[in-house]
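# Analysis of the macromolecular model
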Amino acid sequence: MRVLVVGGGGREHAVIRKLKEGNADLEILCAPGNGGISADAEIIPVSATDVEGMVALAKERQADYVVVTPDDPLALGMVDAMKEAGFDAFGPTKAAARIEASKVFSKNLMRKYGIPTAGYEVFTSPETALAYVRENNRYPTVIKADGLALGKGVIIAQDEEEAKAALHHLMVDKAFGESGSRVVIEEFLTGVEVSVLSFADGNTIVPMVSSMDHKRVNDNDEGPNTGGMGTIAPSPFYTREAAERCMEEIFLPTMAAMKAEGCPFSGCLYFGLILTEDGPKVIEYNSRFGDPETQVVLPLLDGNLLEIMQACSKGCLSEDMVHWKKEAAACVIEASGGYPGSYEKGKRIEGLREDGQADGVMVFHSGTKKTDGVYYTNGGRVLGITACAPTLKEALAKAYEGVERIGFEGMHYRRDIGAKALKGCEE
Ligand code: AMP
Ligand code: GLY
């Protein structure tokens, strides 16, 4: 069987390694992939956003199954295009991917179906938006671009000046193009953040083990936002009671809402949640696996990922296909000097074996290139060093041991991944 995986980051690397488990004879193609992925799959230089090119590749290589993981191709309708061309594919349709691609769509969906989220208003004119912020006069206030914005479309303004600058940046300067032609202004929520990824087949939803991302670049959650600097799973804050409430008040209602809107969700539905004093609320939905959440969640999966994915696309997912190891996982991201700002590429990576791995840890490659058997940096987030162990404390110790041994010039990483969660374990 031949599977084509679309994308080329640490998330895709984690997906590919799990797909191979228990499916030894699986042939995996990955486009565009990266240097580290080339040890686990055949990489092919087709851009993840090239819908026609990807369909042509699936035809040429006669793919039996296609897995579309990144947000952009999903929003562009790559799954629809694959299905039209006769390929079975994992991921939501273009209409269902709006749950991530349009904040206005997702906020209106939550309002219409009574799914708990931050209060909000939508604006299409910068003047009206600013007038609202002034009249409301409550800070911090959260300003979000409607469309995809490389994870940079959310601004938390601490005062009127910052709100004004944010609205200008998104709506007048159009820093993210048409993504900023509409904005959502919402209430600031406080509480612990939890990510819950789930498998969904249009009707049935099966949540994965919970996880916790660390979005800011520096220790103590300081500095600018990044794509994610490290993750742990499961989150000790996500209690059984919280999980039950989320299922009842958020997960099942979201599946029902999408179906009622004529766009049932199939694929991986990601719930970005905040556990507030009034209960769990949705901060955001993603229509895909999170990165680097996937690097800690999938290693804990005790089940056949290929069969689960196929069940999602066929509409026959069941809870008993999905089990979790009673372990904890931690992932620390090694990033290029300067990231999330500008950075240099092409630094030689030390400490990896020929297959891009290292003893005692799993290494997921986010941005690497391989030339003559040597790995070089090729992106902002470069490697995700992941370890599993019976406890979170041990998983973190193992992951950081790996980090000590693997590195490159200018590298930086957070030294406090999991610190908050460890405290939560003790409480
Ligand atoms: P997003 O890009 O949608 O994941 O948002 C980035 C980050 O902004 C989230 O991880 C939260 O930490 C924060 N955030 C977004 N919306 C809110 C909100 N309504 N209240 C508090 N924090 C928020
Ligand atoms: N780590 C957050 C995301 O994938 O959106």
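The structure we're discussing is the one just above.
In this report, we go over the structure that sits alongside the text. Just so we're clear, the structure is a prediction, and the values are computed from it rather than from any experiment.

Each value, and the rule that gives it
- Residues numbered from 1 in each chain as written.
- Chains lettered and ligands numbered in written order.
- Predicted model: local features only at pLDDT ≥ 70, side-chain atom pairs only at ≥ 80, totals over all residues.
- Heavy atoms only, no water.
- Patch = residues over 30% accessible without salt bridge, like charges linked within 9 Å, V, L, I, M, F, W, Y side chains within 5 Å.
- Areas by Shrake-Rupley, 256 points an atom, 1.4 Å probe, with all protein chains shown as cover.
- Salt bridge = Lys/Arg side-chain N within 4 Å of Asp/Glu carboxyl O.
- Helix = DSSP H or I, 4+ residues; strand = E, 2+ residues; numbered from the N terminus.
- Buried < 20%, exposed > 50% of the residue type's maximum accessible area, 1.4 Å probe, protein only.
- Polar contact = N/O pair within 3.5 Å; in protein donor to acceptor, adjacent residues only side chain to side chain.
- Pairing = 2+ DSSP bridges.
- Axes fitted to C-alpha atoms, helices over the stretch in contact; angles between N-to-C directions.
- Arc of directions from axis to C-beta.
- Near = heavy atom within 4 Å.
- Core = buried A, V, L, I, M, F, W, Y, C linked by side-chain atoms within 4.5 Å.
- Contact = heavy atoms within 4.5 Å.
- 1 Å grid on protein atoms, 1.4 Å probe; cavity = no way out; pocket = protein on both sides within 12 Å on 5 of 7 lines; lining within 4 Å.
- Points joined across faces, edges and corners; volume = space filled by probe spheres on them.

Let us look at a nonpolar patch on the surface. Taken together, the side chains of V154, I156 and F188 present a nonpolar region at the surface, about 220 Å² in accessible area. Relative to the helices and strands, I156 resides in strand β8 (residues 154–157). The partly exposed category is assigned to I156, whose relative accessible area is 39%.

Next up on the list: the side chain of T117. The topology assignment puts T117 in the loop between α6 (103–113) and β6 (120–123). Overall, T117 belongs to the buried group, its relative accessible area being 15%. Only 2.9 Å separates the side chain of T117 from the side chain of K107, close enough to count as a polar contact. In terms of polar contacts, T117 uses its side chain to reach the backbone carbonyl oxygen of V282, at 2.8 Å.

Turning our attention to the sheet that holds strand β10 (residues 192–201). Strand order in the open sheet made by the four strands is β11-β10-β16-β17, with antiparallel pairing throughout. At either margin of the open sheet sits one strand with a lone partner, and together these are β11 (205–207) and β17 (279–286). Sheet twist, expressed as the mean angle between neighbouring strand axes with direction ignored, is 35°. Sheet analysis places β10 next to strand β16 (residues 266–276), joined by ten bridges and oriented antiparallel.

In an α-helix, one turn spans 3.6 residues, which is why side chains three or four residues apart end up on the same side. Within the span of helix α5 (residues 94–101), buried status applies to A96, A97, I99 and E100. What you see down the axis of α5 is that its buried residues fit within an arc of 120°, all on one side.

This part takes up the site of ligand 1. Not every one of the 14 residues close to ligand 1 is listed here, only the nearest: E186, E187, L189, E193 and E284. Here a nitrogen atom of ligand 1 sits 2.8 Å away from a polar atom, N or O, in the side chain of E186. Contact distances for ligand 1 include 3.1 Å between an oxygen atom and a side-chain N or O atom of K215. Relative to its unbound accessible area of 480 Å², ligand 1 is 90% covered by the protein chains. Only β7 (141–145), β8, β9 (183–187) and β17 provide two or more residues apiece to the shell around ligand 1.

Next up on the list: the nonpolar core. L19, F199, F289 and M309 are the most contacted members of the largest nonpolar core, which has 40 residues in total. The greatest single-element share of this core, amounting to six residues, is contributed by helix α11 (residues 305–314). Excluding residues that lie within four positions of it along the chain, M309 makes contacts with V15, L19, Y65, V67, F90 and F289.

Within the structure shown, the criterion is met by one cavity of 30 Å³ or more. Size it by volume and the largest cavity reaches roughly 70 Å³. In terms of lining, the largest cavity is formed by I99, E100, K103, S106, K107, M110, K144, V184, E186, I283, E284 and Y285. When residues of the lining of the largest cavity are traced back to their parent elements, those giving at least two are α5, α6, β9 and β17. For the lining of the largest cavity, the leading source of residues is α6, giving four residues.

Moving on, we come to the pattern of salt bridges. Inspection of every chain in the model, using the stated rule, returns 25 salt bridges. Close ionic contact of R17 with D40 constitutes a salt bridge, the shortest N to O distance being 3.4 Å. Placement of R17 in helix α1 (residues 10–20) and of D40 in the loop between β2 (27–32) and β3 (42–43) is noted, with a sequence separation of 23 residues between them. Looking at D40, the relative accessible area reads 13%, which means it is buried.

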